[in-house]
Amino acid sequence: KKKQASKAISQPFTIKKPKFGSSDNQSPTSSKKKSTHDDDVEVFTSSEGEKYVQLGQKKRVTVREFKGKILVDIREFYGKDQDDEKPGKKGISLNLDQWACLKKSIDTIDSFVNSKK
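Residues numbered from 1 in each chain as written. Predicted model: local features only at pLDDT ≥ 70, side-chain atom pairs only at ≥ 80, totals over all residues. Heavy atoms only, no water.

Engineer: Sorry if this is basic, but what is going on with the pattern of salt bridges here?
Structural biologist: Between side chains of opposite charge, a pair can form as their charged atoms come close. For the structure shown, the criterion picks out six salt bridges. Across the pair Lys 58 and Glu 85 runs a salt bridge, and its minimum N-O distance is 3.9 Å. Taken together, the residues span a long stretch of sequence, with Lys 58 in the loop between β3 (51-56) and β4 (59-66) and Glu 85 in the loop between β5 (69-78) and β6 (86-94) at a distance of 27 residues. Of the residues examined, Lys 58 reaches a relative accessible area of 24% and is grouped as partly exposed. (Salt bridge = Lys/Arg side-chain N within 4 Å of Asp/Glu carboxyl O. Helix = DSSP H or I, 4+ residues; strand = E, 2+ residues; numbered from the N terminus. Buried < 20%, exposed > 50% of the residue type's maximum accessible area, 1.4 Å probe, protein only.)

Encoded structure:
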C-alpha cells in the first residue's frame, strides 16, 4: 500500500500558466462591465448579480452577505469556460473588522513591498 501511495505522489503534474492575451477589449469573464467607480476601477457583475472587482485573471474581490454578516471575499475562480467560472477554495473572506484593519494597514504593507523591490 505504501508503494502505491508514493507512486501517486511522484507522478508529474502540469501547471498551466495564465494566458495574458493582447486582446484588451475582451471582458475577463462573460459578465458584462457594469460601471467604472472612483479611481477608474472597473466594476463587473456576475451572472448571479453580484458586483465584483477583477484583481487579475480569475481573481476577484466581492462583497457578499453570509449568515447575516457582510464579508469582503478575495477569491480565485476556476473553470474551463469563462461562462462557467466557479469560486475556488483558494481565497479569504474578511469580516468588516478585518477589512478595516487591512485598509488601515495599507501604507505599512506598501512600505514592506517597496523595501523588497
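Engineer: For this particular structure, what's the right way to read the environment of Lys 51?
Structural biologist: Tracing the chain through its elements places Lys 51 in strand β3. Considered as a pair, Lys 51 and Val 61 are ten residues apart in the sequence and their alpha carbons are 8.8 Å apart.

Engineer: What is the right way to read the packing of aromatic side chains from this model?
Structural biologist: The relative placement of two aromatic rings is captured by the distance of their centres and the angle of their planes. Taken as a whole and assessed by the stated rule, the structure comprises one aromatic pair. Between the aromatic rings of Phe 44 and Tyr 52, the centroid separation amounts to 5.6 Å while the plane-to-plane angle is 20°, which identifies the pairing as stacked. For the pair Phe 44 and Tyr 52, one class covers both residues: buried. One residue, Arg 60, lies across the ring of Phe 77, its end atom 4.0 Å from the ring centre. (Phe/Tyr/Trp six-rings, centres within 6.5 Å; stacked < 30°, edge-to-face > 60°. Lys NZ or Arg CZ within 6 Å of the ring centre and 35° of its normal.)

Engineer: Help me understand unusual backbone geometry in this model?
Structural biologist: Unlike most non-glycine residues, Lys 58 shows phi in positive territory, near 65°. In this model, Lys 67 sits at a positive phi of 50°, which is unusual for a non-glycine residue. When you line up the elements, Lys 67 lands in the loop between β4 and β5. Among the residues examined, Lys 67 registers a relative accessible area of 73% and is labelled exposed.

Engineer: I would appreciate a short explanation of the environment of Ile 92 in the present structure.
Structural biologist: Within the fold, Ile 92 resides in strand β6. The partly exposed category is assigned to Ile 92, whose relative accessible area is 45%. Taking C-alpha positions, Ile 92 is 9.4 Å from Glu 76, a pair spaced 16 residues apart along the chain. Dropping the residues within four chain positions of it, Ile 92 is found in contact with Val 72, Asp 73, Ile 74 and Arg 75. (Contact = heavy atoms within 4.5 Å.)

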